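Chain by chain, the residues:
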Amino acid sequence: MVLARHCDLCDNQKTSLKVGTTCGLNDRKPEFNKTCAKIKLNEKFLKKLEETNLELEKIRRNKNKVYLTFYFSIAVGFLLIIASSDYAEWNLSKTYFWYYKIAMIGVGISILTSAYFKFNGFRNKLGNAEHEKNKIDEVLDEYGISYQSNIIFKDEIHGTQEIDIELKFKNWTKKTHHNNVYN
């Protein structure tokens, strides 16, 4: 495991472009086996844990919308391509109808391409968010800390979404409830 992952959650972490990550207690690079006896998991840790879990939950909440849009776009794209071949067969004698066929195929292909890239972008965002959460969870496992998160999305008022993030820990105590407002 990368030792800097521990430091990324610790309030003692110091970073600089010249040296990189060092411990604020001894100004040296991280040097421990599996766990750091002096790790300080407080504000920085809670903030990172909340942000990571919130980002993952926001992405997961859009999953159905993204899948529905993807399948609808695929259907429309293929229908345009199929319809263009039937449309041109009805009017073989007219040259300008071939322009419509080519335009319909082009639009169909562009819809298919757009659907693929949007869906792939969603999958990448979801994978990255899950990876970030797993990195934190791996570090917490080393310290025997487990948690459950409960994220409640309240009404959105004038573009501001109020969100309650409740973290319940096992084998660690600090704060168990945060109330934040995110845009």
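Model, not experiment: these values are computed from the prediction. Along every chain, residues carry numbers that run from 1 in the direction the sequence is written. Since the coordinates come from a predicted model, pLDDT governs what is reported: local features require at least 70, and pairs of side-chain atoms require 80 or more to be given and counted, while whole-chain, interface and lining totals use all residues. Excluding hydrogens and water, the side-chain figures rest on all heavy atoms present in the structure.

1. Some details on the nonpolar core
- Only buried residues count toward a nonpolar core. Its members are Ala, Val, Leu, Ile, Met, Phe, Trp, Tyr and Cys residues joined through side-chain atoms within 4.5 Å. Note on classification: 1.4 Å probe, protein chains only; a residue is buried when its accessible area is under 20% of the maximum for its type, exposed when over 50%, partly exposed between these limits. Leu 41, Phe 45, Leu 49, Leu 140, Leu 167, Phe 169 and Trp 172 are the most contacted members of the largest nonpolar core, which totals 22 residues.
- Comment: elements are numbered from the N terminus, with helices defined as DSSP H or I runs of at least four residues and strands as E runs of at least two. Among the secondary structure elements, those contributing two or more residues to this core are α2 (43–61), α4 (95–142), β3 (146–157) and β4 (160–170).
- Residue contacts are defined here by distance: any two heavy atoms, one from each residue, within 4.5 Å place the two residues in contact. Leaving out residues up to four positions away in the same chain, Leu 140 has contacts with Leu 41, Phe 45, Ile 145 and Tyr 147.

2. Brief notes about α2
- Helices are assigned an expected span. That span is 1.5 Å times one less than the residue count. If you check α2, its first and last C-alpha atoms are 27 Å apart, about what 19 residues at 1.5 Å a residue would give, namely 27 Å.
- Taken together, the buried positions of α2 are occupied by Phe 45, Leu 46, Leu 49, Glu 50, Thr 52, Asn 53, Leu 54, Leu 56 and Ile 59.

3. Side note on the pairing of β4
- Sheet topology note: the β3/β4 ladder contains 10 bridges and is antiparallel. In the strand pairing of β4, Ser 149 is matched with Leu 167. Strand pairing is defined by DSSP finding a minimum of two bridges between the two strands.

4. As for the side chain of Asp 164
- Position of Asp 164 among the secondary structure elements: in strand β4.
- A distance of 2.9 Å separates polar atoms of two side chains, one belonging to Asp 164 and the other to Lys 154. N or O atoms closer than or at 3.5 Å make up a polar contact, with two conditions inside protein: a donor-capable atom paired with an acceptor-capable one, and, for residues adjacent in sequence, both atoms drawn from side chains.

5. Observations regarding the packing of aromatic side chains
- For Phe, Tyr and Trp, where Trp contributes only its six-membered ring, two rings pair if their centres lie within 6.5 Å, and the inter-plane angle classes them as stacked under 30 degrees, edge-to-face over 60, or tilted in between. Taken as a whole and judged by the stated rule, the model has eight aromatic pairs.
- A ring pair is formed by Tyr 116 and Phe 117, whose centres lie 5.2 Å apart and whose planes are at 70 degrees; its orientation type is edge-to-face.
- Exposure remark for Tyr 116: the relative accessible area of 46% places this residue in the partly exposed category.
- Given the relative accessible area of 54%, Phe 117 is considered exposed.
- Clustering of aromatic rings is evident, with ring pairs tying together Tyr 67, Phe 70, Tyr 71, Phe 119 and Phe 122.
- The lysine or arginine in question, Arg 61, covers the ring of Phe 153, its NZ or CZ lying 3.8 Å from the ring centre. In this scheme, Lys NZ or Arg CZ marks a charge over a ring once it lies within 6 Å of the ring centre and within 35 degrees of the ring normal.

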